[in-house]
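Single-letter residue listing:
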Amino acid sequence: MGNVTKSKENLKKCICIKCPSYTFACKVKAIPGGIADMLKRDISEVEHMEGMFCAFGQSKCITDDKGCICGDCDVYKENNLDKFSYCTVLNGK
Ligand code: SF4
Ligand code: SF4
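Residues numbered from 1 in each chain as written. Chains lettered and ligands numbered in written order. Predicted model: local features only at pLDDT ≥ 70, side-chain atom pairs only at ≥ 80, totals over all residues.

### Quick word on the overall build of the chain
For clarity, the threshold we go by: Numbering of helices and strands runs from the N terminus; a helix is a DSSP stretch of H or I covering at least four residues, while a strand is a stretch of E covering at least two. Three exposure classes are used, all based on how many other C-beta atoms lie within 10 Å of a residue's own C-beta (placed from the backbone): buried at 20 or more, exposed at 12 or fewer, and partly exposed between those limits.
For the chain, the count of helices and strands is five helices and zero strands. Along the chain, from the amino end to the carboxyl end, the secondary structure elements read α-α-α-α-α. In terms of principal-axis extent, the alpha carbons of the chain reach across some 30 × 30 × 20 Å. Relative to its 93 residues, the chain shows a buried fraction of 29%.

Following this line, the structure appears as structure tokens:
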């Protein structure tokens, strides 16, 4: 699943929530166990969450690629990622 560390520091930098591909319906669905909840616990052992898809694998909700803003994200830059749309394709495309 790539080498992005599942850390709160990285999760705070993830900008997926601002992305057009992350639909309103998927945001609502992701609220329980969402980013706000995750920031309260140790996420290094968490299997999946609806965010930071470059670390946690593809989304269980987002299916349509409506543009990806990963390139503007610090996690993307700091980890030398070179793909996009980690939410729709495992390990990005
Ligand atoms: S690179 Fe993309 S998926 Fe990964 S943390 Fe940044 S915005 Fe989220
Ligand atoms: S991985 Fe890219 S396309 Fe998917 S929600 Fe995050 S920024 Fe948007």
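And the narrative resumes.
### Brief notes about the site of ligand 2
Which entries qualify depends on this criterion: Placing the C-beta atom from the backbone, one calls a residue near a molecule or strand if that atom lies within 6 Å of it. The residue classification treats Ala, Val, Leu, Ile, Met, Phe, Trp, Tyr, Cys and Pro as nonpolar and Asp, Glu, Lys and Arg as charged. All others, Gly included, are polar.
Near ligand 2 you find C16, C19, S21, Y22, F53, C68, I69, C70, F84, S85, Y86 and C87, and these make up its full shell. Among the residues making up the shell around ligand 2, the classes are represented as 10 nonpolar, two polar and no charged.

### Considering the nonpolar core
The following threshold applies: Working definition: the nonpolar core is a set of buried Ala, Val, Leu, Ile, Met, Phe, Trp, Tyr and Cys residues, joined through C-beta atoms within 7 Å. By definition, residue pairs are in contact when their C-beta atoms, positioned from the backbone, come within 7 Å.
If you look at the biggest cluster of nonpolar residues, it comprises 21 residues, and the most contacted ones within it are C14, C16, M52, F53 and C54. For this core, the elements supplying multiple residues, two or more each, are α4 (53-56) and α5 (74-78). Ranked by residues supplied to this core, first place goes to α4 with four residues. Once residues lying within four places of it in the same chain are set aside, the contact partners of C14 are G51, M52, C73 and V75.

### Some details on the environment of K12
Its location among the elements puts K12 in helix α1 (residues 8-13). Counting along the chain gives 75 residues from K12 to C87, while the straight-line C-alpha distance between them is 17 Å.

### Quick look at the site of ligand 1
In the vicinity of ligand 1, the contacting residues are C14, I15, C16, M52, F53, C54, C70, C73, V75, Y76, L81 and Y86. Listed by contribution, the elements that provide at least two residues to the shell around ligand 1 are α4 and α5. Taken together, the residues that form the shell around ligand 1 break down as 12 nonpolar, no polar and no charged.

### Let's talk about the confidence of the model for the chain
Worth spelling out the cut-off: A residue's pLDDT is the confidence the predictor assigns to it, expressed on a 0 to 100 scale.
Within the chain, residue pLDDT values average 92, and 98% of them lie at 70 or more. Confidence, read as mean pLDDT per element, is least for helix α3 (residues 35-38) in the chain (78) and greatest for α5 (98).

### Overview of unusual backbone geometry
Leave glycine aside and you will find that most residues have negative phi; peptide bonds, for their part, are mostly trans. One non-glycine residue, N80, lies in the positive phi region at around 50 degrees. Within the secondary structure, N80 sits in the segment after α5. Assessed through the 7 C-beta atoms surrounding it within 10 Å, N80 is described here as exposed. Phi is positive for N91, close to 70 degrees, though the residue is something other than glycine. Examined against the element boundaries, N91 turns out to sit in the segment after α5. Accessibility expressed as a C-beta count within 10 Å gives 13 for N91, which makes it partly exposed.

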